[in-house]
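Chains, contacts and geometry: an overview
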Amino acid sequence: MTVVAVAPVGAKVDADGEAGFIDQVKHPSWWDNSVAQPEVGDRLHAVVLDTSRQPPRLSALQRDIDIARRLRGTGA
């Protein structure tokens, strides 16, 4: 997915025409100062956390991606 807008609370992303939102605490830069904050145009890997919200809430944290893979049975 691609970051299309950035705000102090997180980043709006587009995944093939579908909008999503990554809260600042679900982006690696929140936890690791050596990781750059998201910028418009950045490409990210993320997983869906909550489809009931509009736009759906996503996470770009590796631990959330790993959990999603395990739950889908696709391994790491």
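An account of the accompanying structure is given in this report. (Residues numbered from 1 in each chain as written. Predicted model: local features only at pLDDT ≥ 70, side-chain atom pairs only at ≥ 80, totals over all residues. Heavy atoms only, no water.)

1. A look at the layout of surface pockets
Here the largest pocket is characterised by a volume of approximately 170 Å³. Residue lining of the largest pocket: Val6, Ala7, Pro8, Gly10, Ala11, Gln24, His27, Ser29, Trp30, Gln37 and Pro38, and that is the complete set. Looking at the lining of the largest pocket, the elements that each hand over two or more residues are strand S1 (2-7), strand S2 (10-15) and helix H1 (28-31). By residue class, the composition of the lining of the largest pocket is six nonpolar, five polar and no charged. (1 Å grid on protein atoms, 1.4 Å probe; cavity = no way out; pocket = protein on both sides within 12 Å on 5 of 7 lines; lining within 4 Å. Points joined across faces, edges and corners; volume = space filled by probe spheres on them. Helix = DSSP H or I, 4+ residues; strand = E, 2+ residues; numbered from the N terminus. Nonpolar A, V, L, I, M, F, W, Y, C, P; charged D, E, K, R; others polar.)

2. Here we look at the nonpolar core
Among the nonpolar cores identified, the biggest contains seven residues, and these are Val3, Ala11, Val13, Ile22, Leu44, Leu58 and Ala60. Apart from the residues lying within four places of it in its own chain, the contact partners of isoleucine 22 are Val9, Gly10, Ala11, Val13, His27, Leu44, Ala46, Leu58 and Ala60. (Core = buried A, V, L, I, M, F, W, Y, C linked by side-chain atoms within 4.5 Å. Buried < 20%, exposed > 50% of the residue type's maximum accessible area, 1.4 Å probe, protein only. Contact = heavy atoms within 4.5 Å.)

3. Let's talk about unusual backbone geometry
Residue glutamine 54 is joined to proline 55 through a cis peptide bond whose omega torsion reads 0°. When you line up the elements, proline 55 lands in the loop between strand S4 (47-50) and strand S5 (57-59). Despite not being glycine, aspartate 16 has its phi angle at roughly 50°, a positive value. Tracing the sequence through the fold places aspartate 16 in the loop between S2 and strand S3 (18-23).

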